[in-house]
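# A look at the structure
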Amino acid sequence: MKSIFKSDVGLRESFLAFSVERKGSFREEAEEAVRRLLEEAGGDMLVFVRFHVSDVSNQQPILEEVARRLGCLIAVVGQAPTNRSHLAVEAYALSGGIVAYCEAESRIRILLDNYELLYFNKSELASTGSHDQMNEEFLHAQRILGEFGGTIKSNLQRTWIYCRDIDNNYEGLVVARRELFEQQGLNQETHYIASTGIEGMSHPWDRLVRMDGFALFGHQQEQIDYMSAPDNLSPTHLYGVTFERGTRIVFGDRSKFYVSGTASIDCEGKVMHVQDVAKQTHRVVDNVIALMERHCGALSDLKQAVVYLRDPADSDVVESVLRERLPQSLPRIMVYGSVCRPEWLVEMEAVGVNGVGDSRFKDFA
């Protein structure tokens, strides 16, 4: 599926999400995914594509070969689609801008009239263990941003962190992230970064952590609105982690919403509806609604979503709730990915856009 946002003056943004039907071989499925991406993007420029696969060790090399002709930054994460397919895809495309894509550095820089966008990841890690690998990922981010005159505190807007065997390795990445943020001057009195931290396997097998990042340049700090809904969700620092519930970026002609991974949590940071996946899914949607509505948005403004399940056997129940609660036109995929607490059975992240802008700021162009 595909959703589009276009204002009267700014660029068109396209958001895609779909799974690929099983074919004779994975290579055929990868080629079908690339064909669909190019076809559905139309004349728009693909910026970033993330592939969720069922067997990352065997499938990533094929995807990296086949997807090279997309000419954009790609990421591959081991999170099997819950519909028993081998491959699900999410992608972002733009109708304009000057592209500077560096495959060797695993980054793509989009130069717009008023802003610069940067998506990046790291192809290899030299360290071992989740703590040191998380530290290496953020030091890499610091270096990349610094090349363009930016910092983690001022320019990094969104991260996606995938952790192999999250029940055993999550604590290491949490500690490393907290340590680096403290060094960078990020704390509960300033702000953190919108993020998803979820189970996901990487290639090779000893890579316990991988991160994708999005940074913005050319903005004023007043354009950044860190999302919260204190009646529904506690601040994350109450239970020892350091990320924002979401980030709204306000442009002259629109607002963009990056909703972090959101689970069935209450205002005190407690898990709600333990062992009831249907009620947890309802609570997830309620929390996303609360975040959006408190920041000049609505559920109907969502343009793309990824849903993560601890147990794929719950997929039918969760799908039933999502069909009831989410807009039918919303492009979304559902994949296997355990949440950072074993009691959480389901989590959702989302991207939204609407036409609520602020004339003090430049248009998204």
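Before reading on, note that the structure itself is shown above.
Residues numbered from 1 in each chain as written. Predicted model: local features only at pLDDT ≥ 70, side-chain atom pairs only at ≥ 80, totals over all residues. Heavy atoms only, no water.

Where helix H6 (residues 277-293) meets helix H7 (residues 315-325), the closest approach of the two axes is 9 Å, and the angle between their N-to-C directions is 35°. Our pair here, H6 against H7, has a crossing hand that is right-handed. Here H6 contributes Val277, Ala278, Thr281, His282, Val285, Asp286 and Ile289 to the contact with H7, which in turn contributes Val317, Val318, Val321, Leu322, Glu324 and Arg325. Among the residues forming the contact of H6 with H7, the class breakdown is eight nonpolar, two polar and three charged. (Axes fitted to C-alpha atoms, helices over the stretch in contact; angles between N-to-C directions. Helix = DSSP H or I, 4+ residues; strand = E, 2+ residues; numbered from the N terminus. Left-handed = near helix turned anticlockwise from the far one by under 90°. Contact = heavy atoms within 4.5 Å. Nonpolar A, V, L, I, M, F, W, Y, C, P; charged D, E, K, R; others polar.)

Let us look at unusual backbone geometry. Excluding glycine, a negative phi dihedral is what most residues carry, and trans is how most peptide bonds are arranged. Cis geometry marks the peptide bond from His203 to Pro204; its omega dihedral reads 5°. Here Pro204 shows up in the loop between strand S10 (194-199) and strand S11 (209-217). One non-glycine residue, Arg84, lies in positive phi territory at about 75°. Here Arg84 shows up in the loop between strand S4 (73-78) and strand S5 (87-94). Residue classification places Arg84 among the exposed residues on the basis of a relative accessible area of 67%. Phi at Ser106 takes a positive value of approximately 55°, unusual for a residue other than glycine. A residue is classified by how much of its surface remains accessible, and Ser106, at 10% relative accessible area, is buried. (Buried < 20%, exposed > 50% of the residue type's maximum accessible area, 1.4 Å probe, protein only.)

Right, let's talk about the pattern of salt bridges for a bit. Applying the stated rule across the entire model yields 26 salt bridges. The partner of Arg107 in a salt bridge is Glu147, and the shortest N-O contact between them spans 2.9 Å. Here the residue Arg107 occupies a position in strand S7 (residues 107-111), and Glu147 occupies one in helix H3 (residues 130-147), the gap between them amounting to 40 residues. For Asp286, the salt bridge identified is with Arg325, shortest N-O distance 2.7 Å. Placement of Asp286 in helix H6 and of Arg325 in helix H7 is noted, with a sequence separation of 39 residues between them. Residue class for Asp286 comes out partly exposed when judged on its relative accessible area of 32%. Relative accessible area serves as the criterion here: at 23%, Arg325 is assigned to the partly exposed category. Taken together, the salt bridges that share partners define one network made up of Glu13, Asp253, Arg254 and Lys256. (Salt bridge = Lys/Arg side-chain N within 4 Å of Asp/Glu carboxyl O.)

Grouped together as the largest cluster of nonpolar side chains are 123 residues, with contacts concentrated most on Val49, Phe51 and Leu94. With residues near it in sequence (within four places) discarded, Phe51 still touches Ala33, Leu37, Leu63, Ala67, Leu70, Ile74, Ala75, Val76, Val77, Leu87, Ala88 and Val89. (Core = buried A, V, L, I, M, F, W, Y, C linked by side-chain atoms within 4.5 Å.)

A few words on the packing of aromatic side chains. A complete count under the given rule lists eleven aromatic pairs for this structure. Relative to Trp344, the ring of Tyr239 has its centre 6.4 Å away and its plane inclined at 70°; by these criteria the two rings are edge-to-face. Here Trp344 lies in the loop between strand S16 (332-336) and strand S17 (346-354) and Tyr239 lies in the loop between strand S12 (224-226) and strand S13 (246-250), a separation of 105 residues in the sequence. Judged by its relative accessible area of 23%, Tyr239 is partly exposed. One aromatic cluster is present, built from ring pairs that chain together Phe15, Phe48, Tyr92, Tyr119, Phe214 and Tyr258. (Phe/Tyr/Trp six-rings, centres within 6.5 Å; stacked < 30°, edge-to-face > 60°.)

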